[in-house]
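Examination of the molecular architecture
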Amino acid sequence: MGLFDYSTAEQVTGRSAGLGLFKRFNDKLLRIMSAVTILIIWQLTASLQLLELPSPITTLGVFIDLIISGDPLYNRTLPEIVWASLQIVIRACAVSIIVAVSLGILMGAVQPLRKYLEAILELLRPIPPLAWIPLAYVIFANTGSPTEYVQVFVVFVGAFFPILLNTIHGISMINRIYLEAARTMGASPRQILRQVMLPAALPSIFNGIRVGFGVGWMSIVAAEFVGGKLGIGYYIWSSYSVGGRTAEIISGMVAIGIVGSLINKVILLTEKRLVPWR
Amino acid sequence: MALILEDVTQRFGETTVFESLNLEVEEGCFCCIVGPSGCGKSTLLRVIAGLNNTTAGEVKLHNRPLSLDAGEVGFVFQEDALFPWYTVEENMKFGLRARKIDKNKWDDIIRINLEKVGLTEYRSYYPGQLSGGMKQRIAIARVMAYNPKLLLMDEPFASLDSFNRNMLQAELIDLWEKEKKTILFVTHNIDEAVFLSERLIIMGARPGRIKRVLNINLPRPRNRTDAEFCRNRRKILEMIEEG
């Protein structure tokens, strides 16, 4: 990577930490072994009929079928179903990022505002996003499509607090010296906000966005259990209701996992591009 | 007089750092401030810059009250104060933008000031890729770029090794001889103070006060092993210690 060494401190210490056992296994091998372990346990459980589970091979077949030709019951492919949910998450998280980052910067920079809002936010924070669903249906009852609004709202709530708290943390942890250097150069509050506070807090904000998207992705799945259009949460829940479609349920779960970790990767890559100085 | 302090008092709650301090520094003077720790020499610099809410008194630059927003001062900190998220060039642009300097001139200003500190080829580097000495050179270039009337330096070389420190001192003198900026330079290093200053302010502690103001008339370039240099150093040390 030329002049930049992107390996973080954690990665470096990660190598030296630990007991030093099993040193001859490299990381890649260990990753493969962990996947193999799960498959063996799964296969055993299915073969010995400990649980009513389809075997890994059967499931894989269903999974591939779902991706390519789709589910005949719903007339949709798995990517289409996932995309329906993902769209809602992206929209909701976009709103959440805008609101939470601006509010977080204000709260981090203006002490009285922070004190004023802290009490109410501390009360709202422990409420799980899903607990908002009934109230959200009341709030959005008069919109044309309440379910969609409710889902966006629930994901918004889920993503909001991780982003807000990380932004506040990022702003309040800024080294005073940067602010003082900016002030002695005669910078305006606006310049300080945009060119000092925002970039200084950016790594922390990205942390919040990553966690927020994660919580948002979980929230949409659960929100769809309650009802709504054909999304991935709705899909696995109705597959259960139909009965005898365990392979479809597991396929749906695998898709949720894959998409969740892809979201994480994409945000990490974006962070690397936007935070090149680290 | 370039800089005038009138009855400046700084308290933090019950603690008085210094009271009714008066000081005059003429234009183009290289002025060092030395004193034992706790005498308030760094605080004094921050007061002059306008970084502290001064309890009483007035700081005037060219007969006008000095204000922080005007960006009339260039402050070089002991710690690394370069913005790590900006390259060297962007760091320098920050000050130019703050001072509303014509954008067409930015490129030339940056080049000229990087030349002054001998780091032209590091224009697009991030501070994290530079050594401690280079960072302080860039910090100096960053403030020189927007051409402040007054340069305040708070132990800028204290965290450098002695080779780097000596080198930067010599470079700073070169720069000052060319530009004739008014410089206030806080240090706890007497060797550094004798090497650099034209005027030397000795502060005392408890309460913080100005004990003496001396002229250092040694010819330049100054030689640290020179007998006269050492005699000055010894004399100043005695003055600081005499309570």
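Before going further, it helps to examine the confidence of the model for chain B. Considering every residue of chain B, the mean pLDDT works out to 91; 100% of them sit at 70 or more. If you check the scores for this complex, the pTM reads 0.83 and the ipTM reads 0.92.

Once that is clear, we can look at the domain arrangement of chain A. Parsing chain A into structural domains produces domain 1 (6–53) and domain 2 (62–274). Computed over C-alpha atoms, the centres of domain 1 of chain A and domain 2 of chain A are 29 Å apart.

Nonpolar side chains in soluble globular proteins generally cluster together in the buried interior. Within the largest apolar cluster, 157 residues are counted, with the highest numbers of intra-cluster contacts made by Trp217 of chain A together with Leu3 of chain B. A per-element tally of this core places helix 7 (residues 146–172) of chain A first, with 14 residues. Residues within four places of Trp217 of chain A in sequence aside, it is in contact with Val82, Ser85, Leu86, Val89, Ile232, Ile256, Val259, Gly260 and Ile263 of chain A.

For any two helices packed against each other, the geometry is given by the interaxial angle and the distance between the axes. Residue and element names in this part refer to chain B. The geometry of helix 2 (residues 88–98) relative to helix 4 (residues 132–145) is characterised by a closest axis approach of 8 Å and an angle of 35° between their N-to-C directions. Crossing handedness for the pair helix 2 and helix 4: right-handed. Between helix 2 and helix 4, the contacting residues are Val88, Asn91, Met92 and Leu96 on the first element and Ile138, Ala141, Arg142 and Ala145 on the second. Classifying every residue of the contact of helix 2 with helix 4 by side-chain character gives six nonpolar, one polar and one charged.

Turning to a positive patch on the surface, a few remarks are in order. Taken together, the side chains of Arg190 and Arg194 of chain A together with Arg97 and Lys103 of chain B present a region of like positive charge at the surface. With respect to the element layout, Arg97 of chain B can be found in helix 2.

Let us now look at the pairing of strand 10 (residues 209–215) of chain B. Successive side chains on a regular strand alternate, one facing one side of the sheet and the next facing the other. Note that strand 9 (residues 199–204) of chain B and strand 10 of chain B share six bridges and pair antiparallel. Of the residues in strand 10 of chain B, the one forming a bridge with Arg199 of chain B is Asn215 of chain B.

Residues and elements named next belong to chain A. Taken together, Ile32, Val36, Ile40, Leu44, Leu48, Leu50 and Leu51 make up a surface patch of nonpolar side chains, about 700 Å² in accessible area. Turning to its location among the elements, Leu48 is positioned in the loop between helix 2 (27–47) and helix 3 (56–68). With relative accessibility at 57%, the residue Leu48 sits in the exposed group.

Moving on, we get to unusual backbone geometry. Residues and elements named next belong to chain B. Cis rather than trans, the peptide bond between Arg220 and Pro221 has omega equal to 0°. Looking at the element boundaries, Pro221 is found in the loop between strand 10 and helix 7 (227–241). Positioned with a positive phi, Asn147 is a non-glycine residue whose angle comes to about 50°. If you trace the backbone, Asn147 turns up in the loop between helix 4 and strand 7 (150–154). When its relative accessible area of 51% is taken as the criterion, Asn147 is described as exposed.

A word on the pattern of salt bridges. Pairing is possible between side chains that carry opposite charge, provided their charged atoms lie close to one another. Residue and element names in this part refer to chain B. One pass over the full model with this rule turns up 25 salt bridges over all chains. With its nearest N and O atoms 3.7 Å apart, the salt bridge here joins Lys60 to Glu6. Highlighted residues: Lys60 in strand 4 (residues 56–61) and Glu6 in strand 1 (residues 3–12), separated in sequence by 54 residues. Across the pair Asp107 and Arg123 runs a salt bridge, and its minimum N-O distance is 2.6 Å. Of the two residues, Asp107 is situated in helix 3 (residues 103–116) and Arg123 in the loop between helix 3 and helix 4; the sequence distance between them amounts to 16 residues. Here Arg123 falls in the buried class, since its relative accessible area comes to 17%. One salt-bridge network, in which partners are shared between bridges, spans Glu89, Lys93, Asp107 and Arg123.

Turning our eyes to something else, we now look at the interface of chain B and chain A. Counting from both sides, the interface comprises 27 residues of chain B and, opposite them, 20 residues of chain A. Taking both sides of the interface into account, the surface hidden between chain B and chain A amounts to around 2200 Å²; carbon and sulfur atoms contribute 65%. On the chain B side of the interface with chain A, the three residues burying the most area are Trp85, Phe94 and Tyr126 of chain B, jointly 30% of the side's total. Remark: the boundary between chain B and chain A carries one salt bridge. The salt bridge partner of Arg46 of chain B is Glu180 of chain A, with a shortest N-O separation of 2.6 Å. The tally of links between chain B and chain A comes to four residue pairs in polar contact (both at pLDDT 80 or more). Elements with a contribution of two residues or more to the side of chain B that touches chain A: helix 1 (41–49), strand 6 (73–76) and helix 2 of chain B. In terms of residues, the side of chain B that touches chain A owes the most to one element, helix 2 of chain B, which gives four residues. Tallied by class, residues from the side of chain B that touches chain A come to 16 nonpolar, four polar and seven charged.

Reading the values: rules and limits
Residues numbered from 1 in each chain as written. Chains lettered and ligands numbered in written order. Predicted model: local features only at pLDDT ≥ 70, side-chain atom pairs only at ≥ 80, totals over all residues. Heavy atoms only, no water. pLDDT = per-residue confidence, 0-100. Domains from an automatic or database assignment. Core = buried A, V, L, I, M, F, W, Y, C linked by side-chain atoms within 4.5 Å. Buried < 20%, exposed > 50% of the residue type's maximum accessible area, 1.4 Å probe, protein only. Helix = DSSP H or I, 4+ residues; strand = E, 2+ residues; numbered from the N terminus. Contact = heavy atoms within 4.5 Å. Axes fitted to C-alpha atoms, helices over the stretch in contact; angles between N-to-C directions. Left-handed = near helix turned anticlockwise from the far one by under 90°. Nonpolar A, V, L, I, M, F, W, Y, C, P; charged D, E, K, R; others polar. Patch = residues over 30% accessible without salt bridge, like charges linked within 9 Å, V, L, I, M, F, W, Y side chains within 5 Å. Areas by Shrake-Rupley, 256 points an atom, 1.4 Å probe, with all protein chains shown as cover. Salt bridge = Lys/Arg side-chain N within 4 Å of Asp/Glu carboxyl O. Lys, Arg positive; Asp, Glu negative; His and termini not counted. Charge placed at Lys NZ, Arg CZ, Asp CG, Glu CD. Pairing = 2+ DSSP bridges. Buried area = accessible area lost by both parts, 1.4 Å probe. Polar contact = N/O pair within 3.5 Å; in protein donor to acceptor, adjacent residues only side chain to side chain.

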